Amino acid sequence: MKKEQDYNEKGRASKGHFVVYVGEELRRFVVPLSYLKSPPFQQLLEKAAEEFGFKNQNSIVLPCDESTFRRVTEFAATCSCNVNTVLDS
């Protein structure tokens, strides 16, 4: 699964990973690039684009709470799954 790091830590993600910020507290998570192939993760990115647009080029903020994000990343780490199964539950 993804590596969680303090949201105060501002270092770059290691090779093959990228950083997203999640929840009201904008908690920082480092996730593998392979998650970009996951339909549930893609839907989360689409929701982020709809809500926030592409104005902030410095960070990716996902419009969900941590529990939803954890479910999406658990599915992304283990299987190809139906988007609605993860985001609508």
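Within each chain, residues carry numbers counting from 1 in the order of the written sequence. Where totals are concerned, whole chains, interfaces and linings use all residues; where local detail is concerned, this predicted model gives features only for residues with pLDDT of at least 70, and gives and counts side-chain atom pairs only at 80 or more. Hydrogen atoms and water are omitted, and side-chain values are computed over all heavy atoms in the structure.

Asker: Mind laying out the overall build of the protein chain, listing which residues take part and the relevant values?
Answerer: Strands here are runs of E lasting at least two residues and helices are runs of H or I lasting at least four, both read from the DSSP assignment and numbered beginning at the N terminus. For the protein chain, the count of helices and strands is three helices and four strands. Secondary structure elements of the protein chain, listed N to C terminal, follow the sequence β-β-β-α-β-α-α. Working definition: with a 1.4 Å probe on protein chains only, accessible area under 20% of the residue-type maximum means buried, over 50% means exposed, and in between means partly exposed. Taking all 89 residues of the protein chain together, the buried fraction comes to 31%. Here, residues are in contact when the closest pair of their heavy atoms is within 4.5 Å. Here the contacts in the protein chain between residues at least 6 apart in sequence split such that 49% fall between residues at least 24 apart. Under the convention used here, a 1.4 Å probe and the Shrake-Rupley method define accessible areas, while residue burial counts only the protein chains that appear. When the accessible surface of the protein chain is split by element, carbon and sulfur atoms take 47% of a total near 5900 Å².

Asker: Account for the packing of helix 1 (residues 39-52) against helix 2 (residues 66-78), naming residues and giving values.
Answerer: Every angle, taken between N-to-C directions, lies between 0 and 180 degrees, and every axis is a line fitted to C-alpha atoms, over only the stretch in contact when it is a helix. Interaxial distance between helix 1 and helix 2 falls to 8 Å at its minimum, and their mutual angle equals 140°. Viewed along their axes, helix 1 and helix 2 adopt a mutual orientation that is oblique. Residues Pro-40, Phe-41 and Leu-44 of helix 1 touch helix 2, and the partners they reach there are Phe-69, Val-72 and Thr-73. Residues are grouped as follows: Ala, Val, Leu, Ile, Met, Phe, Trp, Tyr, Cys and Pro are nonpolar; Asp, Glu, Lys and Arg are charged; all remaining types, including Gly, are polar. For the contact of helix 1 with helix 2, a count of residues per class yields five nonpolar, one polar and no charged. Each angle receives one of four descriptions, namely roughly parallel if under 35 degrees, roughly antiparallel if over 145, roughly perpendicular if within 65 to 115, and oblique otherwise.

Asker: Describe the nonpolar core, naming the residues involved and giving the relevant values.
Answerer: We call a set of buried residues a nonpolar core when its members are Ala, Val, Leu, Ile, Met, Phe, Trp, Tyr or Cys and they connect through side-chain atoms within 4.5 Å of each other. Among the nonpolar cores identified, the biggest contains 14 residues, and Val-20, Val-22, Phe-41, Leu-62 and Phe-69 are the most heavily contacted of them. Of all the secondary-structure elements, those providing two or more residues to this core are strand 2 (17-22), strand 3 (27-32), helix 1 and helix 2. Here Val-22 is in contact with Arg-27, Phe-29, Leu-62, Cys-64, Asp-65, Glu-66 and Phe-69, once residues within four sequence places are set aside.

Asker: Would you mind going over helix 1 in detail, with residue names and values included?
Answerer: Counting along an α-helix, one turn takes 3.6 residues, and residues three or four places apart therefore face a common direction. Expected helix span is computed as 1.5 Å times (number of residues minus one). Compared with the 20 Å implied by 1.5 Å per residue over 14 residues, the 20 Å span of helix 1 between its first and last C-alpha is a close match. Within two residues after helix 1, Gly-53 carries a phi angle of roughly 70°, on the positive side.

Asker: Help me get a handle on the pairing of strand 2, residues and values and all.
Answerer: Across the six residues that make up strand 2, a large majority, five, are buried. Inspection of the sheet shows strand 2 paired to strand 3 by six bridges, in the antiparallel sense. Its bridge partner lying in strand 3, Val-20 is registered against Phe-29. Here the rule is simple: two strands pair whenever DSSP picks up at least two bridges between them. Counting the residues between successive antiparallel strands, the hairpin from strand 2 to strand 3 contains four residues, one of them, Gly-23, with a positive phi of roughly 80°. Across two bridges, strand 2 lies against strand 4 (residues 61-62) in parallel orientation. Counted as the bridge partner of Val-22 is Leu-62 from strand 4.

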